[in-house]
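These are the residues of each chain, in order.
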Amino acid sequence: MRLRTLTIATAVALSLTTIGVAGPPALATGTAVAAGTASIRANPGNPTSPTATAHTVSVNGTAVPVKAESVSGTSHDVAMFAKGTGTATISVTMPGLAASATPVVTPRTLRIATTRAGDTVTFTIRDAHPLVIETPGVRALFLFVTPSETAVPSASDPDVLYFGPGEHDAGVIRPESGQTVYLAPGALVHGRIDGDGVTGVHVLGRGILDAGSDTSRTDKTMAIRFHDSSDITVSGIGVRNAQWWQTLYIRSSGIHVSWLNLMGTLINNDGIDTDGVQDMTVEHNFVMSGDDGFGWHALDAATNGEPETRGLHATDTTFWNVTGGNPVRFGSSMETEVFTDVSITQSYVLRAKEVALKFDVQDWATVSDVTVDGFYVESQPVGGQAIVLQVLKGPYSNDTGYRDERGRITGITIRDFTDVTADRVTLSGWDATHGVSDVAFEDVVLGGAALTAAQVRTNQFVSGVTVS
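Just so you know, these numbers come straight off a predicted model, no measurement behind them.

Cut-off values and rules
Residues numbered from 1 in each chain as written. Predicted model: local features only at pLDDT ≥ 70, side-chain atom pairs only at ≥ 80, totals over all residues. Heavy atoms only, no water. Helix = DSSP H or I, 4+ residues; strand = E, 2+ residues; numbered from the N terminus. Rg over C-alpha atoms; globule rule 2.2 N^0.38 Å. Buried < 20%, exposed > 50% of the residue type's maximum accessible area, 1.4 Å probe, protein only. Contact = heavy atoms within 4.5 Å. Lys, Arg positive; Asp, Glu negative; His and termini not counted. Charge placed at Lys NZ, Arg CZ, Asp CG, Glu CD. Pairing = 2+ DSSP bridges. Core = buried A, V, L, I, M, F, W, Y, C linked by side-chain atoms within 4.5 Å. Phe/Tyr/Trp six-rings, centres within 6.5 Å; stacked < 30°, edge-to-face > 60°. Salt bridge = Lys/Arg side-chain N within 4 Å of Asp/Glu carboxyl O. Axes fitted to C-alpha atoms, helices over the stretch in contact; angles between N-to-C directions.

Looking at the overall build of the protein chain
- Broken down by element type, the protein chain carries one helix and 36 strands.
- In terms of C-alpha radius of gyration, the protein chain reaches 22 Å, essentially the compact-globule figure of 23 Å for 468 residues.
- Projecting the C-alpha coordinates of the protein chain onto the three principal axes gives extents of approximately 65 × 50 × 40 Å.
- Looking at the protein chain as a whole, 60% of its 468 residues qualify as buried.
- Looking at the protein chain alone, contacts between residues at least 24 apart form 72% of all its contacts between residues at least 6 apart.
- For the protein chain, the distance from the average position of its 30 positive side-chain charges to the average position of its 48 negative side-chain charges is 6 Å.

Examining the pairing of strand β29 (residues 366-377)
- By the bridge criterion, 10 bridges tie strand β27 (residues 338-351) to β29 in an arrangement that is parallel. Residue pairing in the sheet places tyrosine 348 in a bridge with tyrosine 376 of β29.

Observations concerning the nonpolar core
- If you look at the biggest cluster of nonpolar residues, it comprises 72 residues, and the most contacted ones within it are Phe330 and Phe417.
- Sequence-distant contacts of phenylalanine 417, defined by excluding residues within four places in its chain, comprise Ala356, Leu357, Phe375, Val377, Ala386, Ile387, Asp443, Val444, Val445 and Leu446.
- Among the nonpolar cores identified, the runner-up in size contains 31 residues, and Val64, Val92, Leu97 and Trp259 belong to it.

Concerning the pairing of strand β9 (residues 120-125)
- Of all six residues in β9, five are buried; the element is thus mostly enclosed.
- Two elements, strand β6 (residues 88-93) and β9, share six bridges in a ladder whose sense is antiparallel. Looking across to β9, one finds that valine 92 is bridged to valine 121.
- In this structure, strand β8 (residues 115-117) lies alongside β9, joined through three bridges in antiparallel fashion. In the sheet register, threonine 115 faces β9, and the bridge partner there is threonine 122.
- Between the antiparallel neighbours β8 and β9 lie two residues, among them glycine 118 with a positive phi of about 65°.

Section: the packing of aromatic side chains
- Under the counting rule described, the total for this entry stands at 15 aromatic pairs.
- A ring pair is formed by phenylalanine 142 and tryptophan 320, whose centres lie 5.0 Å apart and whose planes are at 70°; its orientation type is edge-to-face. A residue pair is termed long-range when its members are at least 10 positions apart, and phenylalanine 142 in strand β11 (residues 138-147) and tryptophan 320 in strand β25 (residues 309-321) qualify at 178 residues. Pair check on accessibility: phenylalanine 142 and tryptophan 320 agree, each one buried.
- A ring pair is formed by phenylalanine 330 and phenylalanine 339, whose centres lie 5.8 Å apart and whose planes are at 85°; its orientation type is edge-to-face.

Thoughts on the environment of glycine 205
- Note that glycine 205 resides in strand β16 (residues 199-205).
- For the pair glycine 205 and glycine 236, spaced 31 residues apart in sequence, the C-alpha to C-alpha distance is 5.4 Å.
- Leave out the neighbours within four places in its chain, and glycine 205 touches Glu149, Tyr182, Leu183, Ser235, Gly236 and Ile237.

A closer look at the pattern of salt bridges
- Scanning the model with the defined rule gives 18 salt bridges in all.
- For glutamate 337, the salt bridge is made with arginine 403, and the minimal N-O distance between the two is 2.7 Å. On the criterion of sequence distance, the pair formed by glutamate 337 in the loop between β26 (328-334) and β27 and arginine 403 in the loop between β30 (385-391) and β31 (408-419) is long-range, its members being 66 residues apart.
- A relative accessible area of 23% places arginine 403 in the partly exposed class.
- Here glutamate 442 and arginine 415 are joined by a salt bridge, their closest N and O atoms 2.8 Å apart. Of this pair, glutamate 442 sits in strand β33 (residues 436-446) while arginine 415 sits in strand β31; the two residues are 27 residues apart in sequence, bridging distant segments of the chain.
- Here glutamate 442 falls in the partly exposed class, since its relative accessible area comes to 25%.
- Overlapping salt bridges bring together Arg174, Arg192, Asp194, Asp196 and Arg225 as one network.

A closer look at the sheet that holds strand β3 (residues 62-64)
- Pairing is antiparallel in the open sheet, where five strands are placed in the order β3-β2-β6-β9-β8. Two strands lie at the open edges of the sheet, namely β3 and β8, each paired on one side alone. Neighbouring strand axes in the sheet, compared pairwise and without regard to direction, differ in orientation by 25° on average.
- Across three bridges, strand β2 (residues 56-59) lies against β3 in antiparallel orientation. Counterpart to serine 58 in the pairing with β3 is alanine 63.

Points about unusual backbone geometry
- Of the consecutive residues threonine 106 and proline 107, the connecting peptide bond is found in the cis state with omega at 5°.
- Between glycine 331 and serine 332 the backbone carries a cis peptide bond, its omega angle lying at 5°.
- Along the chain, serine 332 falls in strand β26.
- Positive phi outside glycine occurs at arginine 251, with the angle close to 50°.
- Here arginine 251 is to be found in strand β21 (residues 247-258).
- Despite not being glycine, aspartate 369 shows a phi value in the positive range, around 55°.
- Within the secondary structure layout, aspartate 369 lies in strand β29.

From the geometry alone we can't say anything about function, so treat these as descriptive.
Structural data, given as structure tokens:
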């Protein structure tokens, strides 16, 4: 029997060094470096999931539990640990591993070298990062490596909603301004988090929020939602089994989202969605989504008004996009005037369903000043499309009668974009006033060859395209 609770009296002391990821080569350490050996804290993972049989894991000699987690009705092997400063040598054993099978640590872009001895593959990393070990004939292993926590709140603090290790039935968690929601390693919290009109709220920890019983596709409820809020931090936790979008930030500002591991494969399981946000940083996240990984848009102006999106920046995101949608999508609903000052850097696309990178402006927004820099597509999108920029009237255009007008796309830079296959690049405008303009492709490589201007498909409402 699960106990509905908001605070648990057991505090967890964790070691205290936070580290980051410096870019694609940073994790590629075939041998140990001078930083020393990292302290390791194994995360117990989901307390209700059985121990996996396809993998065992140890890190610097510390055993790390591998759980066979049920995500949207499908089982996935998941191991989690936090590391301090220094190197971590990870050993993954796969009983009965075929001699011909070659395990690969993905993202491949990180160039992590492996060695194999019998059923065990070993590799060394310096920085925390979500990884997936993919091996022919063996189910994938999702390895969520996070930095050690630097500030664990006290369970006795009245402004902390503290969930210790174990299973909790929390229902709808509605934090008040200034409060912290903390999910300790080994905590499984059944519920969702809904913040409305709050400021200074923190959602922290290394536990798991399972929203399967507390979200609804019919009611369009999310695992995490912040609305009309400011100064919000969400960091470190896992999110599982949402029935609708996994997380949404709407009409809010001063948002910091980091080190999440999101896992959902249902249709409409968007990962990190935004609607009318300003000053938002998204970094070091793993996004498994059954629809758009990033769904950055503007919905329902009749209800929400037309708040602008400005100052939205993401870096170091690993995408696993299946079932539907796209890893990154600007649109499709764009019921606002201003969508500007946006950047996405260091993205690793391990799976893509429709289009690797998609802009589809189906309403009246002007999408401008967007930079995508370092976008590595490591498996072919099922839809066979690398990049799409389009202004159109479509199934997601405003249907309330509020406004029926098209927008524009202008001032877009796509740099250091690599797709393992020669997928399509398509740009199209709506008319002479609502077109696509001033798009720069720099160092774009498709299927091992540099993109040429002749490969960019356009219509007559596209202008100012450069390829270099």
